[in-house]
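Now for the letters of each chain:
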Amino acid sequence: MKFIKQFFYGLSLLVIVIFSVMCKDEKKKEVTQKIEKVSIEKNEFGTTPDGGKVDRYTLKNSSGMTVDIITYGGIITSIKVPNKEGVSEDVVLGYDNLGQYLESSPYFGAIIGRYGNRIAKGKFSLDGMEYSLAVNNGENHLHGGIKGFDKVIWEASEETGENYAALKLVYLSKDMEEGYPGSLNTTVTYTLKEDNSLDMAYEATTDKKTIVNLTNHSYFNLSGDFSKTVLDQVLSLNADKYLPVDNTLIPTGEIADVENTPFNFREPTPIGSRIEADDDQLKKGGGYDHCWVLNGQDKGHRLIGTVYDPGSGRVLEVFTTEPGVQFYSGNFLDGTLPAKQGGTYKKRSGFCLETQHYPDSPNQLDFPSVVLNPGEKYSSKTTFKFSTK
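One structure accompanies this document, and this report is about it. (Residues numbered from 1 in each chain as written. Predicted model: local features only at pLDDT ≥ 70, side-chain atom pairs only at ≥ 80, totals over all residues. Heavy atoms only, no water.)

Look at any regular strand and the pattern is simple: side chains alternate between the two faces of the sheet. Buried residues dominate strand S4 (residues 76-82), accounting for 6 of its 7 residues. When strand S3 (residues 66-70) meets S4, the two strands line up antiparallel, connected through 4 bridges. Paired with Ile-69 across the strands is Ile-76, a residue of S4. Here S3 folds back onto S4 in antiparallel fashion, the turn holding 5 residues, of which Gly-73 has a positive phi close to 70°. Sheet analysis places S4 next to strand S5 (residues 88-90), joined by 3 bridges and oriented antiparallel. Within S5, the residue paired with Val-81 across the bridge is Glu-89. (Buried < 20%, exposed > 50% of the residue type's maximum accessible area, 1.4 Å probe, protein only. Helix = DSSP H or I, 4+ residues; strand = E, 2+ residues; numbered from the N terminus. Pairing = 2+ DSSP bridges.)

We now examine the sheet that holds strand S11 (residues 155-161). Taken in spatial order, the 9 strands line up as S11-S12-S13-S14-S27-S23-S22-S17-S20 in an open sheet, and their pairing is antiparallel. Two strands bound the open sheet, and with one partner strand each, they are S11 and strand S20 (269-270).

Here the focus is the layout of surface pockets. Reported here for the largest pocket is a volume of approximately 540 Å³. Counting residues per element, the lining of the largest pocket draws most heavily on helix H2 (residues 98-103), at 3 residues. When grouped by side-chain class, the residues that make up the lining of the largest pocket number 15 nonpolar, 10 polar and 7 charged. (1 Å grid on protein atoms, 1.4 Å probe; cavity = no way out; pocket = protein on both sides within 12 Å on 5 of 7 lines; lining within 4 Å. Points joined across faces, edges and corners; volume = space filled by probe spheres on them. Nonpolar A, V, L, I, M, F, W, Y, C, P; charged D, E, K, R; others polar.)

Oppositely charged side chains may form a pair once their charged atoms are brought near each other. For the structure on display, the rule yields 19 salt bridges. Here Arg-348 and Glu-276 are joined by a salt bridge, their closest N and O atoms 2.7 Å apart. Of the two residues, Arg-348 is situated in the loop between strand S24 (324-328) and strand S25 (352-356) and Glu-276 in the loop between S20 and helix H3 (280-285); the sequence distance between them amounts to 72 residues. (Salt bridge = Lys/Arg side-chain N within 4 Å of Asp/Glu carboxyl O.)

Another point: the side chain of Thr-71. Of note, Thr-71 is situated in the loop between S3 and S4. For Thr-71, a relative accessible area of 3% corresponds to the buried category. Here Thr-71 is in contact with Lys-53, Val-54, Asp-55, Tyr-57, Val-152, Ile-153, Trp-154, Ala-156 and Leu-169, once residues within four sequence places are set aside. (Contact = heavy atoms within 4.5 Å.)

All right, on to the sheet that holds S4 then. The 5 strands lie next to each other as S1-S2-S3-S4-S5, forming an open sheet whose pairing is antiparallel. Of all the strands in the sheet, just strand S1 (39-47) and S5 have a single pairing partner and so form its edges. Going across the sheet, the axis of each strand differs from the next one's by a mean of 15°, ignoring polarity. Looking at chain direction, strand S2 (residues 53-60) and S3 are connected through 5 bridges and run antiparallel. Looking at the pairing, Tyr-57 lines up with Ile-69 of S3. (Axes fitted to C-alpha atoms, helices over the stretch in contact; angles between N-to-C directions.)

Okay, the environment of Tyr-131 next. Mapping Tyr-131 onto the fold places it in strand S9 (residues 129-132). Taking the C-alpha atoms as reference points, Tyr-131 and Lys-209, separated by 78 residues in sequence, lie 12 Å from one another. Residues within four places of Tyr-131 in sequence aside, it is in contact with Gly-122, Lys-123, Phe-124, Leu-126, Met-176, Gly-179 and Pro-181.

In structure tokens, the structure reads:
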């Protein structure tokens, strides 16, 4: 009898050990499967007229988010994220093929440089020397000029880890390219993580005193339906002040309080709720096309804005190290550009939140400096994080 009890006791221990090992193996298998889902894939996207090869990289995680980026302009061509029902849809405006980007694009999804936003009359001075840039937006310089960073082919390399996939893009802008002094060595790294966040890290060095202001120009429509406007999507911005502009959309130099204006998004407010208000600044911009002066500029990478789409339940949170954000409500989309889902992109079918230093900073001494000296490193980080509620 004693022998039988010992036998069953030993057998029970053996079963427990085997089961424990199987569980550990299963956990390892689950982790392995999870790691395999954080990935990056490369495919050909097309060729430019001068023979430049353009590749597309697709970053994927196991939470249902995918990001497509092409080496032409570092353009984010697609971001697919789940809605509240778990259905993944594309939430950024763009095109289906390279030819459309080459033909005509309002900077859809692109890296913007050397200088994001406007510089008055295309002129600025450094150490008493005046530099002249292309005038490509009325009488002003916009987004780096005729051939800014949005229209060059970037050198790409990829990296994956246990919970991220990263695409590093490098471009050397030579001295006096588009009129800017200094050879600027620029690196932009896109990193997709498991929590449905996309980091954009910008770095640059120069061999001559210059100016730098880099950003990304993605147009979002969180509904996933590009035939709809974004006017019902709810925006909040952590900003007590904004920059009024003149008739050419250059900041006047005033830093104005948002209180009692249509520019007050300190509480969640539908984008369209006041966009047609009888307001001089809204008339000048044709809607919102202004820079907000962000709070907490001494706090580094922090949450500065949130957008919520009630229909899909999607939420976009924006984090940045930058002092400002240009909120643009797609006022110049006019129904002439082809949409990815068919049809065309109509007025206000997308919004932009371009994290950056202030427009025309080189000519406005009271604005934070955009000067980069030899031996210094330009460094900036912005994150787009998606969720649902």
